[in-house]
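Coordinates in review
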Amino acid sequence: MRSIENRQHNTRLVNLEDSTDNGLATVTAAADAEHTWVVESIHASYSQAPAAGANLIIKDGATTVATIYTGIAGGLTRVVFEYGGFAISKNAALTVTLSAGGSGVIGSIVVQYS
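Okay, so let's go over this structure. (Residues numbered from 1 in each chain as written. Predicted model: local features only at pLDDT ≥ 70, side-chain atom pairs only at ≥ 80, totals over all residues. Heavy atoms only, no water.)

1. Considerations on the pairing of strand β5 (residues 55–60)
Note the threshold: A pair of strands counts as paired when DSSP detects no fewer than two bridges linking them. A run of H or I in DSSP counts as a helix once it spans at least four residues, and a run of E counts as a strand once it spans at least two, with each numbered from the N terminus.
Both β5 and strand β6 (residues 63–69) contribute to a ladder of six bridges, which runs antiparallel. Looking at the pairing, L56 lines up with I68 of β6. Between the end of β5 and the start of β6, which pair antiparallel, lie two residues, with G61 showing a positive phi angle near 70 degrees. Pairing of β5 with strand β9 (residues 94–98) involves five bridges; the strand directions are antiparallel. Bridge pairing links D60 to L94 in β9.

2. Quick word on the nonpolar core
Short version of the rule: Side-chain atoms within 4.5 Å link the members of a nonpolar core, which is a set of buried Ala, Val, Leu, Ile, Met, Phe, Trp, Tyr and Cys residues. For each residue, the accessible area found with a 1.4 Å probe, counting protein chains only, is set against the maximum for its type, and the residue is called buried under 20%, exposed over 50%, and partly exposed in between.
Formed by 25 residues in total, the largest nonpolar core has its most connected members in I42, L56, I58, L94, I109, V111 and Y113. Broken down by element, the residue count for this core peaks at four residues, all from strand β4 (residues 38–46).

3. Some thoughts on unusual backbone geometry
Of note in the backbone geometry, N22 takes a positive phi value of approximately 60 degrees without being a glycine. Tracing the backbone through its elements, the reader meets N22 in the loop between β2 (12–18) and β3 (25–29). Take N22: its relative accessible area is 38%, and that puts it in the partly exposed class. For Y83, which is not glycine, the phi dihedral falls at a positive 60 degrees. With relative accessibility at 81%, the residue Y83 sits in the exposed group.

4. Quick look at the sheet that holds β5
Selection criterion: To obtain an axis, a line is fitted to C-alpha atoms, over the contacting stretch when the element is a helix, and the angle between two such axes runs from 0 to 180 degrees between their N-to-C directions.
Spatially, the four strands line up as an open sheet ordered β3-β9-β5-β6, and their pairing is antiparallel. With partners counted over all chains shown, the strands left at the sheet margins are β3 and β6, one partner each. Neighbour-to-neighbour, the strand axes of the sheet open up by a mean angle of 15 degrees, direction not taken into account.

5. Here we look at the environment of T77
Looking at the element boundaries, T77 is found in strand β7 (residues 76–80). For the pair T77 and I42, spaced 35 residues apart in sequence, the C-alpha to C-alpha distance is 8.1 Å.

6. Quick word on the pairing of β3
Counted residue by residue, β3 has four buried out of five residues, so it is predominantly covered. The pairing of β3 with β9 spans five bridges and is classified as antiparallel. Bridge pairing links A29 to L94 in β9.

In structure tokens form, the structure reads like this:
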């Protein structure tokens, strides 16, 4: 996996991550003793229809706190957390992972968080 973009704009962080062939696409924000990460939105897509059901997993440190079954079939899924976002515990890493899509399929996620 390689990070394509990681930028800060008005305290918002945007991270775009592509998977390798049949690999996971994962965005991670390191734990920060002074900060609580808040996920505002996630965009996910595959280069073609995935072999199995696609899902996004959000972790608060090592604990899975949400699994979102996206239903992606070669298109784009957008998940927006309204009313202040989806907060992770203070001093815990934030990890968002898009499941592997199968042989010959590349997954991509964009996570906006602050």
